[in-house]
Amino acid sequence: MSEHVVPEADFPPSLSRRYYLSPDQPFDLDPTLSCGQVFRWHRADGIWYGIIENEPVAVRQSGSLLTFSGCSEASLVRYFALDIDLGSVLVTAGYDQYLEAAVRRHGGLRIVRQEPWECLVSYLCAQNTSIPHIQRMLGNLCARAGDEVCGPAGRGYAFPEAGAVASLPQEEKRACALGYRAGYIHRTAEAVAGDPDWVERIRQMDYEDARHEMMRFPGAGPKVADCILLFGFEMYEAFPVDVWVRAIMKTCYGVGSAAKTLSPKEYEVIRRFGRDHFGPYAGYAQEYLFADRQHLTRLNGNE
DNA sequence: ATTTGACCTCA
DNA sequence: GAGGTCAAA
């Protein structure tokens, strides 16, 4: 697994820094990093390894204590969104019985602040496949096109800039197991490399306009656009609808059809319901419902 | 304007 | 068939 951050010399790094969570600041590393919002973290012996701002980072949690190394406290707080008042977010998001059950089982899950470019590529990869495959694609891409980075927490690969992705030879891309997504990623990388201000432009738009703008990238449809705005741009009203969320919304809220495939029209109906029902933090509600999918899709909806 | 099938890869 | 998208009916 050389594409991941690995500790130097095969023994755990000394996690020299400490951060204490306050009692009114719920946070849990495990559900946050394993819920499927990020794909480049991995856990070994109770320690999570990943990259924040191009630096290898190691983090461990025991209760309210976070021990970590490789980045500053400010970077850690920012990345894991520890400055967000999760309690009031979830109250705002409409605390119904389903959300309550999901929060009970996955408490402390936070939406992390991903880099927009990495987030964009990640969700182009994420269409129509499984999480292990997504992890493999991104790991391959970083190992082949990203710079190697070292630090006190270990070593790994930075996520490659758009220019580096665009200029990665065709056969190298194929070897990343991107499949037909390679074409999307190549053309999107070219567009981004030639438009360095794209992030600032999106940031200045409201959610609906940003969504429209995101869908101009090849391979970015409604689902991908909503994921990037939610995970990469802090637009918490975004309500991505995948097959799981669709099933949950049907089972628990009676929204949507029984058709085999999810049409653009039905996507609109469900995301609008989500936004209206859960409010400006609908995306947070979506993450908790998604995290609890195996439970929620087994309900009969009549209780 | 809506619906259908192909698409890489891996399970 | 999968945590979709696109282009062609």
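These numbers come from a predicted model, not from an experiment.

Draft legend 1. Fine view of the protein's contact with DNA strand C. Around DNA strand C, the surrounding shell holds 19 residues, and the nearest of these are I131, Y180, G219, G221 and V243. Within 4 Å of the protein, the contacting atoms of DNA strand C are drawn from sugar and phosphate to the extent of 55%. Here V224 contributes a backbone N or O atom positioned 3.0 Å from a phosphate oxygen of DNA strand C. When contributions to the surface near DNA strand C are tallied by element, the ones reaching two or more residues are helix 12 (222-232) and helix 13 (243-253). Tallied by class, residues from the surface near DNA strand C come to eleven nonpolar, six polar and two charged.

Draft legend 2. Spotlight on the nonpolar core. By size, the foremost hydrophobic cluster in this structure holds 79 residues, and its most contacted members are W117 and W198. If near-sequence neighbours (up to four positions away) are discounted, W117 is found in contact with F159, P160, E161, A162, V165, T188, A189, V192 and W198. Membership of the second largest hydrophobic core comes to 20 residues, among which are Y19, L33, W41 and F68.

Draft legend 3. Spotlight on the packing of helix 11 (residues 207-214) against helix 12. Running from amino to carboxyl end, helix 11 crosses helix 12 at an angle of 125°, the nearest separation of the two axes being 9 Å. One way to sum up the angle between helix 11 and helix 12 is to call them oblique. Here the hand of the crossing between helix 11 and helix 12 comes out right-handed. From helix 11, Y207, A210, R211 and M214 reach across to helix 12, where they touch P222, A225, D226, I228 and L229. Looking at the contact of helix 11 with helix 12 residue by residue, the class counts come to seven nonpolar, no polar and two charged.

Draft legend 4. Main features of the state of the cysteines. Going through the model one piece at a time under the given rule, you end up with zero disulfides. Between C176, a cysteine without a disulfide, and C125, which holds the nearest cysteine sulfur, the sulfur-to-sulfur distance is 8.9 Å. By relative accessible area, which is 0% here, C176 ends up buried. C252 takes part in no disulfide bond, and the closest cysteine sulfur, belonging to C35, lies 18 Å away.

Draft legend 5. Highlighting the protein's contact with DNA strand B. As a matter of local geometry, DNA strand B sits amid N128, H133, R136, A177, G179, Y180 and R181. The share of sugar and phosphate among atoms of DNA strand B within 4 Å of the protein is 74%. Residue R181 places a side-chain N or O atom 2.8 Å away from a base oxygen belonging to DNA strand B. Classifying every residue of the surface near DNA strand B gives two nonpolar, three polar and two charged.

Rules used throughout
- Residues numbered from 1 in each chain as written.
- Chains lettered and ligands numbered in written order.
- Predicted model: local features only at pLDDT ≥ 70, side-chain atom pairs only at ≥ 80, totals over all residues.
- Heavy atoms only, no water.
- Near = heavy atom within 4 Å.
- Polar contact = N/O pair within 3.5 Å; in protein donor to acceptor, adjacent residues only side chain to side chain.
- Helix = DSSP H or I, 4+ residues; strand = E, 2+ residues; numbered from the N terminus.
- Nonpolar A, V, L, I, M, F, W, Y, C, P; charged D, E, K, R; others polar.
- Core = buried A, V, L, I, M, F, W, Y, C linked by side-chain atoms within 4.5 Å.
- Buried < 20%, exposed > 50% of the residue type's maximum accessible area, 1.4 Å probe, protein only.
- Contact = heavy atoms within 4.5 Å.
- Axes fitted to C-alpha atoms, helices over the stretch in contact; angles between N-to-C directions.
- Parallel < 35°, antiparallel > 145°, perpendicular 65-115°, else oblique.
- Left-handed = near helix turned anticlockwise from the far one by under 90°.
- Disulfide = S-S within 2.5 Å.

So far we have only geometry, and geometry alone does not tell us how the molecule works.
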